[in-house]
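Below are the chains, spelled out letter by letter.
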Amino acid sequence: MSFDELFTEGFTRTVRTLVLMGSDRATAEDLAQEAFGVALKKWDDVGGLDSPLAWVGKTALTLWTSHCRTSGRRRSLLAKAEPLSTSTAPHALTTSDQRIDLVRALEQLPERQRETVVLHYILDQPVSAIARTLEVAEGTVKSQLHDGRRSLRLLMADTDAHPIREGGSSEPHRK
Amino acid sequence: MNHTESDQVAHLLADAVQDITHSPEELSARLAQLKGHAASEPAPLPPASSLRLMSAPASSASASQEAAGSGPAVYGTLAVAAATAAPTARDPADSRSGLTRDRSTPLKVDAQRNLEHVLRAAREVFGELGYGAPMEDVARRARVGVGTVYRRFPSKDVLVRRIAEEEVSRLTDHARVVLGQEDEPWSALARFVRTSVASGGGRLIPAVPLHDDQADPDVEHHMASLMEVVGQLVHRAHASGELRPDVTVADVLLLISSSPSRTADAALQAARQGRLLDICLDGLRSRSE
C-alpha cells in the first residue's frame, strides 16, 4: 500500500477515532495530520508493517494523550455537555448528543480497553494488528474487546437513550 | 465471540461519528500539504483594520463562491471563529501542486508575507479563543492550508511560544514608552492597562507561572523584563499614594490578561471593555479622599 492510499483511506477514520477518544474535530484533524506526517517521515519502516494504519492510529492516540497532558483540555467536550439524565427523548438525540454520551461512556473504560475498542471498531483494525501495535498478546486484545463491549453496553443502557441493552440493563454502572 | 453484540457496538460507535467526513478534494489537498508541495500562496489579505472589524463585507468573488456552494470548502470544519471570520473558501488554484522549496534558503518574499499572515492570524485567534485554539483555526484565519502553518511551525507549541514571546516583549516596550512619556504615576499605569487591553496583547500573556515544568526559558526571560518594567509603573503609583498598597504587579498583569472575550461587534466590544476597565481601575485606586 502506498502512503497516498493509506492517507486517503485512513485519514477520516483516524479523525473519528480521536473524536471518540474525546477530542473536538478540529484538534483531531490537527493530530491526525501530524500522525500521518510522522508516518511519512518514517515511511521506510512504517510502510513495511502489516498494518501501517494501526501504527498511525496508535501514534495519533499518543499525540492525543500528550495533547491532553499539556493543554489540560481532556474534559473539554464533556465540560460543555448537558447532563445526561436530563437529556431529551431518545428519538430527538442528534448525532452529537449520541457522541457526547458515547464519549462519556468510553471515558469510563480503562485506557487500554478504550484504545483497543476504537482501534478495532473505528479504525477497523484486526485483532492481530492491534496486538502487534500495542505489543500485547492477541488473547489480551480479545478479552479487552469483550470487556469493553460489555461495559459499553451497560453504560449506554444506563443512559436509557440507546437501543443496546440486550441482556444487561440491570446495574447502573456509573461512578 | 458474540457477533450480534459486536455488530451492535460497531454500529453504535460508527453512528456517533458518521457526520465526520472529508471530501476527496480536502483529502488530496491535505496529502499535498503533507508532502510539502502545496506551494501556492493565499490571496493578499485585506488590511488588518477590516479583518479586525469582523463585519467587513466579503469580497465579491468569495461571496459568490460561497453562495453557489461550489467552493472547494477545504477544511470546512465547524469552529467558533469560522462564524465571524473573513470568508475562508480557498481559491481552487490553491490546491494545485507547485514548486518544492528548499527549506534552507532564505524565505522568499511571498513566503515571508505568508509567515506574517500566519503570525497575525495566530495573534487574533489565540487572543479570541485562548492558546487552546486549534491550528486549523489559525490556518483558516490566515487563509492558508494547515500544512503551510505546520511547515513554518513544526508543532503548535512552537507557534504558541513565538506568539507569547512577541506579545510579551511588545507589551514590555509599550510599558517602557509609557514610563518615559507619562509623568503622572496613576495616568501612566491606567494608560498602560487600557492600551494593553485594547491592543489585544494582554490576553496573550502566558499564564503566570507558565504552565507546568516545561516553562520555556526564552518566554520566562521576556516575562521577567515585562514584570520589571510594569513593576516600575506600579511602584511609582504606590509611591504617589494613588494605587492601593496591596496591589501587586501580578494583579496588574492579571487584569490586562483577563479582558472580556471578543465579540463580532467592535463598538460593543470596546464599550464593554471600557466599562469593565473603569470598574477595575477604580478598584485599584487608594481610598484616601
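Okay, so let's go over this structure.

About the thresholds
- Residues numbered from 1 in each chain as written.
- Chains lettered and ligands numbered in written order.
- Predicted model: local features only at pLDDT ≥ 70, side-chain atom pairs only at ≥ 80, totals over all residues.
- Heavy atoms only, no water.
- Contact = heavy atoms within 4.5 Å.
- Buried area = accessible area lost by both parts, 1.4 Å probe.
- Salt bridge = Lys/Arg side-chain N within 4 Å of Asp/Glu carboxyl O.
- Helix = DSSP H or I, 4+ residues; strand = E, 2+ residues; numbered from the N terminus.
- Axes fitted to C-alpha atoms, helices over the stretch in contact; angles between N-to-C directions.
- Parallel < 35°, antiparallel > 145°, perpendicular 65-115°, else oblique.
- Left-handed = near helix turned anticlockwise from the far one by under 90°.
- Core = buried A, V, L, I, M, F, W, Y, C linked by side-chain atoms within 4.5 Å.
- Buried < 20%, exposed > 50% of the residue type's maximum accessible area, 1.4 Å probe, protein only.

## Some details on the interface of chain B and chain A
Facing the 33 residues of chain B at the interface are 38 residues of chain A. For the pair chain B and chain A, the summed buried surface comes to about 3,700 Å²; carbon and sulfur atoms form 62% of the total. For chain B, the biggest contributors to the area lost against chain A are Leu13, Ile20 and Leu34 of chain B; these three give 18% of the whole. In this assembly, chain B and chain A are joined by two salt bridges. We note a salt bridge from Asp4 of chain A to Lys35 of chain B, for which the minimum N-O separation is 2.6 Å. Taken together, the elements giving at least two residues each to the side of chain B that touches chain A come down to helix H1 (3-16), helix H2 (24-34), helix H7 (135-142) and helix H8 (146-152) of chain B. The element contributing the most residues to the side of chain B that touches chain A is H1 of chain B, with 10 residues.

## With respect to the packing of helix H10 (residues 185-199) of chain B against helix H11 (residues 217-239) of chain B
All names here are of chain B. It is the contact of H10 with H11, at a shortest axis distance of 7 Å, that shows an interaxial angle of 140 degrees. Looking at the two axes, H10 sits oblique to H11. Where H10 crosses over H11, the handedness of that crossing is left-handed. Across the interface between the two elements, Pro185, Ala188, Leu189 and Phe192 from H10 touch Leu226, Val230, Leu233, Val234, Arg236 and Ala237 from H11.

## Digging into the nonpolar core
Counting residues in hydrophobic clusters, the biggest one holds 54 residues, and the most contacted among them are Phe126, Leu159, Phe192, Leu226 and Val230 of chain B. Those elements that place two or more of their residues in this core are helix H6 (109-129), H7, H8, helix H9 (156-181), H10, H11, helix H12 (249-257) and helix H13 (266-284) of chain B. The element best represented in this core is H9 of chain B, accounting for nine residues. Dropping the residues within four chain positions of it, Leu226 of chain B is found in contact with Val168, Leu171, Thr172, Phe192, Ile205 and Leu253 of chain B. Counting residues in each nonpolar core, the second largest holds 51 residues, with Val15, Ile122, Leu152 and Met156 of chain A among its members.

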